[in-house]
There are 2 protein chains.
Amino acid sequence: MKYSKATDYALHTMLFLTAATPNQPIGVQKLAERLGVSATYLSKILTKLVKAGMIESASGARGGYRLKRNWENISFLDIIHTIEGKASLFDCSLDHGSECAIQQVVLLAEEKMEDHLRNQTLAELAKKVEVDV
Amino acid sequence: MKYSKATDYALHTMLFLTAATPNQPIGVQKLAERLGVSATYLSKILTKLVKAGMIESASGARGGYRLKRNWENISFLDIIHTIEGKASLFDCSLDHGSECAIQQVVLLAEEKMEDHLRNQTLAELAKKVEVDV
DNA sequence: CTATCAAAGACTTCACATGCCTATAATAGC
DNA sequence: GCTATTATAGGCATGTGAAGTCTTTGATAG
Ligand code: SF4
Ligand code: SF4
């Protein structure tokens, strides 16, 4: 039970992008060096973020990635869901209905966590942290 | 990012044991049939619970498993930690100190979830559910 | 046209969860 | 003491998914 490293990379990448100038996209190469991870692997993660509409990409020379407009509203939960999927922590094989007490407890606990992650926006994070790219 | 089936089995087993008569231990065979899982696999999970001090075992004829005294205070979190371990959801390779904003957000969210799981005792669960063993 | 860059897919490697089988030890009942 | 029953321990097999590499394709600025 642990978040994958891909989630770790995605969160850090998004944070880096908030500190970048919006007119100048950053290539996957630079981001990968910064994170200490291979460029090809990070590329897959970035593509997921692009498809989720959080960042946009530009092919060709002087291309790269940059945040989309509206990025201020992106939450931690958005990023995590994009990478980890939206499946629940707990899926019992036999679903005995919504009145099941075990499910209720675990799912409610999960919601508490998600509430917190949903209320933390990328903009707030960027304010707290001073990043030098 | 999902709880293992072992956690699922452990929670269900503990619930079953609350409905059992304390003087008559239940063998792993019966429990396994009830859960639809192999007895040898469930046995490993039960041994973990024994070592964690949540249940006690009796070898030999008419042996089996039963709850220990004090079982009313066992929480969901106790059971989950016993099976899944107590590692955090999020472990970045480079630990830049406790003031790191990313860590703070995720760890705080995790604590919210754990708080809820910690406040749900096995006794409360047993009250809610009518189990026939 | 060419150098640069993202996108996509196949592939390998590794870790771990799940599950099975066997041997060993302990205990109740005879 | 003997036997049946039961937990404990260990190793083995299998499957699944994460992590990472490589190669090809396609787009674009200069
Ligand atoms: S009792 Fe609840 S958790 Fe267990 S299998 Fe049924 S629905 Fe799932
Ligand atoms: S910035 Fe925070 S989350 Fe990222 S590596 Fe450093 S300590 Fe870990």
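See the structure printed just above.
For every chain, the first residue of the written sequence is number 1, and numbering continues from 1 along that sequence. To read the labels, note that chains go from A and ligands from 1, taken in the order they are written. Confidence filtering applies because this is a predicted model: local features only for residues at pLDDT of at least 70, side-chain atom pairs given and counted only at 80 or more, and all residues used for totals across whole chains, interfaces and linings. Calculated side-chain values reflect all of the structure's heavy atoms, with hydrogen atoms and water omitted.

Trainee: Lay out the protein's contact with DNA strand D in plain terms, naming residues and giving numbers.
Mentor: One heavy atom within 4 Å of a molecule or strand is enough for the residue carrying it to be called near that molecule or strand. In the region of DNA strand D, 27 residues are neighbours, and Lys5(A), Ser38(A), Lys44(B), Ser57(B) and Tyr65(B) sit closest. When the atoms of DNA strand D within 4 Å of the protein are sorted by group, sugar and phosphate make up 66%. Note that a phosphate oxygen of DNA strand D is positioned 2.5 Å from one of the side-chain N or O atoms of Ser38(A). Polar contact is the term for a pair of N or O atoms within 3.5 Å; when the atoms are in protein, one must be able to donate a hydrogen and the other to accept it, and sequence-neighboring residues count only if both atoms are side-chain atoms. Within the side chain of Lys44(B), one N or O atom sits 2.6 Å away from a base oxygen of DNA strand D. Labels follow the DSSP assignment, with helices taken as runs of H or I lasting at least four residues and strands as runs of E lasting at least two, numbered in each case from the N terminus. Breaking the surface near DNA strand D down by element, the ones donating at least two residues are helix H1 (5-19) and helix H3 (39-51) of chain A together with helix H3 (39-51), strand E1 (55-58) and strand E2 (64-67) of chain B. Counting residues per element, the surface near DNA strand D draws most heavily on H3(B), which supplies four residues. Here the nonpolar group is Ala, Val, Leu, Ile, Met, Phe, Trp, Tyr, Cys and Pro; Asp, Glu, Lys and Arg are the charged ones; every other residue, Gly included, is treated as polar. A class-by-class count of the residues in the surface near DNA strand D yields nine nonpolar, 13 polar and five charged.

Trainee: An account of the interface of chain B and chain A is needed here, citing residue identities and associated values.
Mentor: With 30 residues of chain B at the interface, the matching set in chain A holds 30 residues. Here chain B packs against chain A, burying approximately 3,000 Å² in sum over the two surfaces, 77% of which is carbon and sulfur. What counts as a salt bridge is simple: a side-chain nitrogen of Lys or Arg found within 4 Å of a carboxyl oxygen of Asp or Glu. One can count two salt bridges joining chain B with chain A. Counting across the interface, chain B meets chain A through six residue pairs in polar contact (both at pLDDT 80 or more). Of all the elements in the fold, those that place two or more residues in the side of chain B that touches chain A are helix H1 (5-19), helix H4 (76-84), helix H5 (101-118) and helix H6 (122-128) of chain B. In this analysis, two residues are considered to be in contact whenever any of their non-hydrogen atoms come within 4.5 Å of each other. What gets called buried area is simply the loss in accessible area from a 1.4 Å probe that two parts show on being joined, summed for both.

Trainee: I'd like to hear about the relation of the copies chain B and chain A, residue by residue, with values.
Mentor: Placing chain B over chain A gives an RMSD of 0.0 Å and needs a rotation angle of 180°, together with 0.0 Å of translation along the axis. Here the two chains are linked by the operation of a two-fold rotation axis. Considering only C-alpha atoms, the part of chain B nearest the rotation axis is Met113(B), at 2.5 Å. Same-surface contact between copies: 100% of interface residues of chain B are shared with the interface of chain A. The copies were overlaid by least squares, fitting only the C-alpha atoms of residues that reach a pLDDT of 70 or more in each copy.

Trainee: Report on the pattern of salt bridges, specifying residues and quantitative values.
Mentor: Side chains carrying opposite charge are able to pair once their charged atoms draw close together. All names here are of chain A. Per the counting criterion, the structure on display carries eight salt bridges over all chains. Between Arg118 and Asp115 there is a salt bridge; the shortest N-O distance is 3.0 Å. A residue pair is termed a helical-turn pair when its members lie 3 or 4 positions apart in one helix, as Arg118 and Asp115 do in helix H5 (residues 101-118) at three residues. Only protein chains enter the accessibility calculation, which uses a 1.4 Å probe. A residue is then buried if its area is under 20% of the maximum for its type, exposed if over 50%, and partly exposed in between. Among the residues examined, Asp115 registers a relative accessible area of 39% and is labelled partly exposed. Connected through shared salt-bridge partners, Glu56, Arg66 and Arg69 make up one network.

Trainee: Account for the site of ligand 2, naming residues and giving values.
Mentor: Taken together, the neighbourhood of ligand 2 is formed by His12(A), Phe90(B), Cys92(B), Leu94(B), Asp95(B), His96(B), Cys100(B), Ile102(B) and Gln103(B). With respect to ligand 2, the chains having nearby residues are chains A and B. Looking at the shell around ligand 2 residue by residue, the class counts come to five nonpolar, three polar and one charged.

Trainee: Run through the site of ligand 1, naming residues and quoting values.
Mentor: Around ligand 1, the neighbouring residues are Phe90(A), Cys92(A), Leu94(A), Asp95(A), His96(A), Cys100(A), Ile102(A), Gln103(A) and His12(B). In this structure, ligand 1 sits where chains A and B come together, each supplying nearby residues. Considered class by class, the residues forming the shell around ligand 1 number five nonpolar, three polar and one charged.

Trainee: Please give an account of the environment of Gly85(B) that cites residues and values.
Mentor: Within the element layout of this structure, Gly85(B) appears in the loop between H4 and H5. C-alpha of Gly85(B) to C-alpha of Lys2(B): the two residues are 83 residues apart in sequence and 13 Å apart in space.

Trainee: Kindly report on the nonpolar core, identifying the contributing residues and their values.
Mentor: Residue types Ala, Val, Leu, Ile, Met, Phe, Trp, Tyr and Cys, when buried and joined through side-chain atoms within 4.5 Å, form a set referred to as a nonpolar core. Core analysis: the biggest nonpolar cluster contains 90 residues, and Met14(A), Leu42(A), Ile55(A), Leu117(A), Met14(B), Leu42(B) and Leu117(B) have the highest contact counts within it. Beyond its immediate sequence surroundings of up to four residues, Met14(A) is in contact with Leu49(A), Met54(A), Ile55(A), Leu67(A), Ile74(A), Ile79(A) and Leu122(A).

Trainee: Can you explain the protein's contact with DNA strand C? Please cite residues and give values.
Mentor: Around DNA strand C lies a shell of 26 residues, among which Lys44(A), Ser57(A), Tyr65(A), Lys5(B) and Ser38(B) are the nearest. Per the 4 Å cut-off to the protein, sugar and phosphate atoms form 73% of the nearby atoms of DNA strand C. Contacts to DNA strand C include Lys51(A), whose side-chain N or O atom sits 3.5 Å from a phosphate oxygen. Ala6(B) places a main-chain nitrogen or oxygen 3.4 Å from a phosphate oxygen of DNA strand C. Elements with a minimum of two residues in the surface near DNA strand C: H3, strand E1 (55-58) and strand E2 (64-67) of chain A together with H1 and H3 of chain B.

None of the figures reported here should be taken as evidence of function without further support.
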